[in-house]
Amino acid sequence: MTHDHPAAPDRGASRPFGRLLTAMVTPFTADGSLDLDGAVRLANHLVDEQGNDGLVVNGTTGESPTTSDAEKERLIRAVVEAVGDRARVVAGVGTNDTRHTIELAASAEKAGAHGLLVVTPYYNKPPQSGLLRHFTAVADSTGLPVMLYDIPGRSGVPIATETMVKLAEHGRIVAVKDAKGDLTATSWVTSRSDLAVYSGEDALTLPLLAVGGVGVVGTSTHFTGVRTKQMIEAYDSGDSTTALTLHRRLLPLFTGIFRTQGVILVKAGLAAQGLPAGPVRPPLVDATGDEIAQLRADCAAAGLELPE
C-alpha cells in the first residue's frame, strides 16, 4: 500500500517536524501484547484533539527497550496509516549498536516513517569521535531526515557542542531533541548551526524557545497538547506575557508527569480518560493508587480534569 507522505523537509526549514510533537506511548492489551487498534485510536486523538504536528513512536516513552523490532515496524505502519497524511511520524531507532540502529532505520523508512529519532548510544559510553561516527553512519544509511536525541541523564554521555555543530553539516541531520538541561550549550548550538532544536523536557520548552528552539517533543503533551501549542504560538507571535502565563499554568503537569518514569503516569492518565494505554512492560511497573491520586492533583493544578 502506498502512503501520501508530507513533502520532505528542505535543509533550510526552520521547523522540519512542526512545533508540537508527542512521544507517544505504545498501547498494550491486558496481557501485554501490542494493541495496534489502540495505537491508531491514540494517534488520531493526539493529532486531532491535542493539536500535535507530529508523533514520535518507538521512543523511550513508547517503551522501545521492551518492544521487538517486528513490533516497532508494525507500530510505525499502523500510525503512518492513521495520521501520516496530516502529521509527521518520527520513528525512534536509536540503540547502542550502530549496526542495529541502521537496521531499524531501514525498517522505519520502509514502513513509511517521515523521520528518525536517534538517541546517543547508551551504556557503552563512546567518546565524541564515536558519537560522530555513529550518527553520521546512520544518517548516511537513510533517505529520511534525522533528529538527534541528546539526553545524557539516560545515555551517560552528552553530545558536546563541537560534535553537534559538526553533525549539523550533514544534509540529513536537521534537528535535535534537547534533554541536556544546559541552556548555555543549547545557545551555542543554535548560534553556530541551523539545527532545529526541540525541547526534550516539557518544563524547559519556553526557556529553549528564548535561546532559539523551535518546539517540543513532549510527554505531558498527551494531556497538555493544545495549551502547550498555544504557549509556543504565543511566544512565536511576540506575546511573551501569554506564553509565560501558559508556562506557569502547565508547570504542575510539565513536571508532575515525571514524578515516576513518564510512561507509567501517562498510561495511568490515558486509562482514566478511557483512551488506549494498557499496562507497562517489566521492568516498569504500573502506577499505584497514590501515584494516580497525585497525578489527578497535578492535572487539577494545571487546570485539567482527570476523570475519577
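Residues numbered from 1 in each chain as written. Predicted model: local features only at pLDDT ≥ 70, side-chain atom pairs only at ≥ 80, totals over all residues. Heavy atoms only, no water.

Q: How do you make sense of the sheet that holds strand E1 (residues 20–23) when you look at a structure like this?
A: Two pairing modes exist for strands in a sheet, parallel and antiparallel, and in both the strands are linked by backbone hydrogen bonds. On the basis of which strands lie adjacent, the closed barrel formed by 8 strands has the order E1-E2-E3-E4-E5-E6-E7-E8 and parallel pairing. For this sheet, the mean inter-axis angle between neighbouring strands, taken without regard to orientation, is 25 degrees. Set on the sheet, helix H2 (residues 69–83) makes contact with strand E2 (54–57) and strand E3 (88–92); between it and E2 the angle comes to about 170 degrees. (Pairing = 2+ DSSP bridges. Helix = DSSP H or I, 4+ residues; strand = E, 2+ residues; numbered from the N terminus. Axes fitted to C-alpha atoms, helices over the stretch in contact; angles between N-to-C directions. Contact = heavy atoms within 4.5 Å.)

Q: Honestly, helix H3 (residues 98–110) in this entry has me stumped. Any pointers?
A: Three or four residues apart is the spacing at which side chains of an α-helix point the same way, because the helix has 3.6 residues per turn. For H3, with 13 residues, the first-to-last C-alpha span of 18 Å sits near the 18 Å given by 1.5 Å per residue. Turning to H3, its buried residues are Thr 101, Leu 104, Ala 105, Ser 107 and Ala 108. Down the axis of H3, the buried set is contained in an arc of 165 degrees. They therefore lie on one face. Opposite the buried face of H3, by more than 90 degrees, sit the exposed residues Arg 99 and Lys 110. Each element contacted by the buried residues of H3 is listed here: H2, E3, strand E4 (115–119) and helix H4 (128–140). A side-chain oxygen of the first residue of H3 lies 3.1 Å from the backbone nitrogen of Arg 99; this N-cap is Asp 97. In the stretch just after H3, Gly 112 is the one whose phi turns positive, near 105 degrees. (Expected span 1.5 Å × (residues − 1). Buried < 20%, exposed > 50% of the residue type's maximum accessible area, 1.4 Å probe, protein only. Arc of directions from axis to C-beta. Polar contact = N/O pair within 3.5 Å; in protein donor to acceptor, adjacent residues only side chain to side chain.)

Q: It is not clear to me how the packing of helix H9 (residues 221–236) against helix H10 (residues 240–256) should be interpreted in this structure. Could you clarify?
A: Relative placement of two packed helices is described by the angle separating their axes and the distance separating the axes. Relative orientation of the contacting elements H9 and H10 amounts to 155 degrees, with a least axis distance of 8 Å. Viewed along their axes, H9 and H10 adopt a mutual orientation that is roughly antiparallel. Handedness of the H9/H10 crossing: left-handed. Contacts between H9 and H10 involve Phe 223, Thr 224, Arg 227, Thr 228, Gln 230, Met 231, Ala 234 and Tyr 235 on the former and, on the latter, Ser 240, Thr 242, Ala 243, Leu 246, His 247, Leu 250, Leu 253 and Phe 254. Partitioning the contact of H9 with H10 into residue classes produces 9 nonpolar, 6 polar and 1 charged. (Parallel < 35°, antiparallel > 145°, perpendicular 65-115°, else oblique. Left-handed = near helix turned anticlockwise from the far one by under 90°. Nonpolar A, V, L, I, M, F, W, Y, C, P; charged D, E, K, R; others polar.)

Q: I would appreciate a short explanation of the packing of aromatic side chains in the present structure.
A: For any pair of aromatic rings, geometry is given as the distance between the ring centres together with the angle between the planes. With the rule as written, the count across this model stands at 1 aromatic pair. Between the aromatic rings of Phe 17 and Tyr 198, the centroid separation amounts to 6.4 Å while the plane-to-plane angle is 55 degrees, which identifies the pairing as tilted. One end of the pair, Phe 17, is in the segment before E1; the other, Tyr 198, is in strand E7 (residues 196–199), with 181 residues separating them in the sequence. Each member of the pair, Phe 17 as well as Tyr 198, carries the same accessibility label: buried. The ring of Phe 28 has Arg 281 lying over it, and the distance from NZ or CZ to the ring centre is 4.1 Å. (Phe/Tyr/Trp six-rings, centres within 6.5 Å; stacked < 30°, edge-to-face > 60°. Lys NZ or Arg CZ within 6 Å of the ring centre and 35° of its normal.)

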